[in-house]
Each structure stands twice: as structure tokens, then as C-alpha cells.
Amino acid sequence: AVCCEQLAAALGTAIHADRIGDNLLRSRSLARALAAITALELGVAGDGGVAASLRTVYGAARRAVLDSVPRFDAERLAQLRDDFSEIGRALQAAR
């Protein structure tokens, strides 16, 4: 849940940085988002079922972030931020 929150926060900061034209902050925030995705990926155990689904979701998230390095897509990243915020809340509620 913490990594989901960190990912959502990093994406939110990247979107804000893009809006205000701060390319350095945007770049740092995208790097933080990739680090959070990597942490989420490293936490997946096993090969089938839920693990395979999580790897697919995390891989798509990684591609969305990397695609936004050369051509920033605030709308796509906002959707990703919202999705991971929701996942993080669901994980917190399940505890």
C-alpha cells in the first residue's frame, strides 16, 4: 500500500511540475514513480494467477511512465495516479 501511495504522489507531483513548466521536478518525479513501480514488481511472488496479473498491471504502468519521458501525457498519468490511489486505499482497507 505504501508503494502505491508513493507512486500516486510521484505521479501527482510530475503532473503539477509539467503544469508549471518545472522540467527538473517532472523528471525527478517520473524517476520516483519508476522506483515505486520497481518496488511493487519486486514484491510479487510466484508466476501464475494474481502474480501474473500484477506483473501485467505494473508493466503497463512502467510503460505509461516511460512513454511520458519524451512526450508528457498528463491525462494518462492522472488516470494511472487515480488507479493506484484506489488500489492503495483498497489494500489499506483489507488490513
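Here's a quick rundown of the structure.

Conventions used here
- Residues numbered from 1 in each chain as written.
- Predicted model: local features only at pLDDT ≥ 70, side-chain atom pairs only at ≥ 80, totals over all residues.
- Heavy atoms only, no water.
- Helix = DSSP H or I, 4+ residues; strand = E, 2+ residues; numbered from the N terminus.
- Rg over C-alpha atoms; globule rule 2.2 N^0.38 Å.
- Buried < 20%, exposed > 50% of the residue type's maximum accessible area, 1.4 Å probe, protein only.
- Contact = heavy atoms within 4.5 Å.
- Areas by Shrake-Rupley, 256 points an atom, 1.4 Å probe, with all protein chains shown as cover.
- Lys, Arg positive; Asp, Glu negative; His and termini not counted.
- Charge placed at Lys NZ, Arg CZ, Asp CG, Glu CD.
- Expected span 1.5 Å × (residues − 1).
- Arc of directions from axis to C-beta.
- Axes fitted to C-alpha atoms, helices over the stretch in contact; angles between N-to-C directions.
- Parallel < 35°, antiparallel > 145°, perpendicular 65-115°, else oblique.
- Left-handed = near helix turned anticlockwise from the far one by under 90°.
- Nonpolar A, V, L, I, M, F, W, Y, C, P; charged D, E, K, R; others polar.
- Salt bridge = Lys/Arg side-chain N within 4 Å of Asp/Glu carboxyl O.

The subject of this paragraph is the overall build of the chain. Helices and strands together make up the secondary structure of the chain, namely four helices and zero strands. Mapped from its N terminus to its C terminus, the chain presents α and β elements in the order α-α-α-α. Relative to its length of 95 residues, the chain is compact, with a C-alpha radius of gyration of 13 Å against a globular reference of 12 Å. Projected onto its principal axes, the C-alpha coordinates of the chain cover approximately 40 × 25 × 20 Å. When the 95 residues of the chain are sorted by exposure, 33% land in the buried category. Taking the intrachain contacts of the chain between residues at least 6 apart in sequence as the baseline, contacts between residues at least 24 apart amount to 58%. Of the roughly 5700 Å² of accessible surface on the chain, 54% is carried by carbon and sulfur atoms. Taking the average place of the 12 positive charges on the side chains of the chain and the average place of its 11 negative ones, the gap between the two points comes to 4 Å.

With that settled, the discussion passes to helix H4 (residues 74-94). Under the 1.5 Å per step criterion, the end-to-end length of H4 is 30 Å for 21 residues, consistent within 8% with the ideal 30 Å. Within the span of H4, buried status applies to Leu77, Ala78, Leu80, Phe84 and Gly88. End-on, the buried residues of H4 take up no more than an arc of 160 degrees, which puts them together on one face. Among the exposed residues of H4, those oriented more than 90 degrees off its buried face are Glu75, Glu86, Arg89, Ala93 and Ala94. For H4, the elements touching its buried residues are helix H1 (2-20), helix H2 (23-42) and helix H3 (49-67).

The topology assignment puts Arg26 in helix H2. When near neighbours in sequence (up to four residues on either side) are disregarded, Arg26 contacts Ala14, Ala17, Asp18 and Phe72.

Closest axis-to-axis distance for the H2/H3 pair is 10 Å, and the angle between their directions is 165 degrees. When the interaxial angle is binned, H2 and H3 end up roughly antiparallel. Taken as a pair, H2 and H3 cross one another with a handedness that is left-handed. Mapping the contact onto sequence places Leu30, Ala33, Leu34, Ile37, Thr38, Leu40 and Glu41 in H2 and Tyr58, Gly59, Ala61, Arg62, Val65 and Leu66 in H3. In terms of residue class, the contact of H2 with H3 is built from nine nonpolar, two polar and two charged.

Tallied over the entire structure, the rule returns four salt bridges. Salt-bridge contacts for Arg26 lead to Asp18; the nearest nitrogen and oxygen are separated by 2.7 Å. Residue classification places Asp18 among the partly exposed positions, given a relative accessible area of 28%.

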